[in-house]
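Chains, contacts and geometry: an overview
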Amino acid sequence: MIDAGASMPALLLMFAALALMTLIEGLIFKYWVLPGWGQAISERLYAGNYTPDDDPLVMLAEKIRREKDATLLPELVRMVHRDAGRLRSWQELANIQLQEFSQAEEAVETMLKGAAKVHPAEDRAFLLYRAATICEKHLQNTPRAQELYAQVARRYPRTAYGKMAAKRG
């Protein structure tokens, strides 16, 4: 016959070991498995099925950033216009103009040109919204920024950027 008093410590030890194993497996899953899955999924959904090293535009943009070479900008502009429907192209060019060469007005114009070329409404709204924030923060041109925010809110009211612009206007 089994003695209930003697088996209780063994059961408690077994449950403690089970809890510890569950904790260890949960941590492994959270810090090792999930990040790898997240990276793979995001590359497929948001970045396409290529890596940045395979993208000539990204490679040229990184070279410009690294070398601070403004003579490479015309080539980047040509690459952007060859793939004018791609949001990332316009973003890269405008970011380089703004961050590397302090050309805020050119960055705004790049965002506006891109907004006329990309197709998804969310992408157009993003580029217009970004142009407005550059006007506001870098050019201190609040009237133009407000005009652009109003344009985003009016044209793309159902997008996330249209909703954010409506709150600013």
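Everything below is about the structure shown above.
The text that follows walks through the structure, step by step, so that each part is easy to find. Positions within a chain are numbered from 1, following the residues in the order the chain's sequence is written. Restriction of local features to residues with pLDDT of at least 70 applies here, the model being predicted, together with a cutoff of 80 or more for giving and counting side-chain atom pairs; totals for whole chains, interfaces and linings are based on all residues. The basis for every side-chain value is the complete set of non-hydrogen atoms in the structure, without hydrogens or water.

1. What about the pattern of salt bridges?
- The salt bridge criterion pairs a side-chain nitrogen of Lys or Arg with a carboxyl oxygen of Asp or Glu, the two atoms within 4 Å. Summed over all chains, the structure comprises 11 salt bridges.
- Linking Glu-109 and Arg-144 is a salt bridge whose minimum nitrogen-to-oxygen distance equals 2.9 Å. In this pair, Glu-109 sits in helix 5 (residues 104–117) while Arg-144 sits in helix 7 (residues 142–155), placing the two residues 35 residues apart along the sequence.
- One salt-bridge network, in which partners are shared between bridges, spans Glu-62, Arg-65, Arg-88 and Glu-92. Comment: elements are numbered from the N terminus, with helices defined as DSSP H or I runs of at least four residues and strands as E runs of at least two.

2. Considerations on the nonpolar core
- Nonpolar core, defined: a set of buried Ala, Val, Leu, Ile, Met, Phe, Trp, Tyr and Cys residues in which side-chain atoms within 4.5 Å join the residues together. Think of it in three bands: residues with accessible area under 20% of the maximum for their type are buried, residues over 50% are exposed, and the middle band is partly exposed, with areas taken using a 1.4 Å probe on protein chains only. Judged by nonpolar contacts, the single largest core of 39 residues is most densely connected at Ile-64, Leu-73, Leu-76, Ile-96, Leu-127 and Ile-134.
- The set of elements that each furnish at least two residues to this core consists of helix 2 (56–67), helix 3 (73–82), helix 4 (87–100), helix 5, helix 6 (121–137) and helix 7.
- Here the element with the most residues in this core is helix 6; it accounts for 9 residues.

3. Some thoughts on helix 3
- Along helix 3, the residues classified as buried are Leu-73, Leu-76, Met-79 and Val-80. One side of helix 3 carries all its buried residues, which in axial view fall inside an arc of 120°.
- Only heavy atoms matter for contacts: two residues are in contact if any of them lie within 4.5 Å across the pair. Next to the buried residues of helix 3 lie helix 2 and helix 4. The arc under discussion is defined with respect to the helix axis, by the directions toward the C-beta atoms.

4. Re the packing of aromatic side chains
- Each pair of aromatic rings taken from Phe, Tyr and Trp, with Trp reduced to its six-membered ring, is defined by centres within 6.5 Å and is described as stacked if the planes are under 30 degrees apart, edge-to-face if over 60, and tilted in the remaining cases. In the structure shown here, the tally under the stated rule is 4 aromatic pairs.
- Where Phe-29 meets Trp-37, the ring centres are 5.6 Å apart and the plane angle is 85°; that geometry is what we call edge-to-face.
- Among the residues examined, Phe-29 registers a relative accessible area of 38% and is labelled partly exposed.
- Between Phe-126 and Tyr-161, the ring centres sit 5.2 Å apart and the planes meet at 65°, which makes this aromatic pair edge-to-face. On the criterion of sequence distance, the pair formed by Phe-126 in helix 6 and Tyr-161 in helix 8 (residues 160–168) is long-range, its members being 35 residues apart.
- Look at Tyr-161 and you get partly exposed, because its relative accessible area is 24%.
- Linked through ring pairs, Phe-126, Tyr-129, Tyr-149 and Tyr-161 together constitute an aromatic cluster.

5. Concerning the packing of helix 5 against helix 6
- The convention used is that axes are lines fitted to C-alpha atoms, helices contributing only their stretch in contact, and that angles between N-to-C directions extend from 0 to 180 degrees. For the pair helix 5 and helix 6, the least separation of the axes is 8 Å and the interaxial angle reads 165°. Between helix 5 and helix 6, the angle is such that the two are roughly antiparallel. As for the relative orientation of helix 5 and helix 6, their crossing is left-handed in sense. Counted together, Ala-104, Ala-107, Val-108, Met-111, Leu-112, Gly-114, Ala-115 and Ala-116 of helix 5 and Arg-124, Leu-127, Leu-128, Arg-130, Ala-131, Ile-134 and Cys-135 of helix 6 form the full contact between these two elements.
- Each residue receives one of three labels: charged for Asp, Glu, Lys and Arg, nonpolar for Ala, Val, Leu, Ile, Met, Phe, Trp, Tyr, Cys and Pro, and polar for the others, Gly being one of them. Here the contact of helix 5 with helix 6 is composed, by residue class, of 12 nonpolar, 1 polar and 2 charged. Roughly parallel means an angle under 35 degrees; roughly antiparallel means over 145; roughly perpendicular covers 65 to 115; every other angle is labelled oblique. Crossings are classed by handedness, with left-handed meaning an anticlockwise turn of the near helix from the far one by less than a right angle and right-handed meaning a clockwise turn.

6. So, unusual backbone geometry
- In this structure, Ser-102 is a non-glycine residue whose phi angle is positive, near 50°.
- Following the sequence through the fold, Ser-102 ends up in the loop between helix 4 and helix 5.
- With relative accessibility at 64%, the residue Ser-102 sits in the exposed group.
- The phi torsion at Gln-140 lies on the positive side, around 50°, for a residue other than glycine.
- By secondary structure assignment, the location of Gln-140 is in the loop between helix 6 and helix 7.

7. Focus: a nonpolar patch on the surface
- A grouping of Met-8, Leu-11, Leu-12, Met-14, Phe-15, Leu-18 and Met-21 is seen on the molecular surface, where their side chains present a nonpolar patch of about 720 Å² in accessible area.
- Position of Met-21 relative to the elements: it lies in helix 1 (residues 4–45). Residues form patches when they are more than 30% accessible in relative terms and have no salt bridge. Like charges link within 9 Å. Nonpolar side chains (Val, Leu, Ile, Met, Phe, Trp, Tyr) link within 5 Å. Using a 1.4 Å probe, the Shrake-Rupley method yields the accessible areas, and only the shown protein chains count as cover for residues.

8. Things to note about the side chain of Thr-133
- Here Thr-133 shows up in helix 6.
- Not counting the four nearest positions on each side in its chain, Thr-133 is found in contact with His-138 and Tyr-149.

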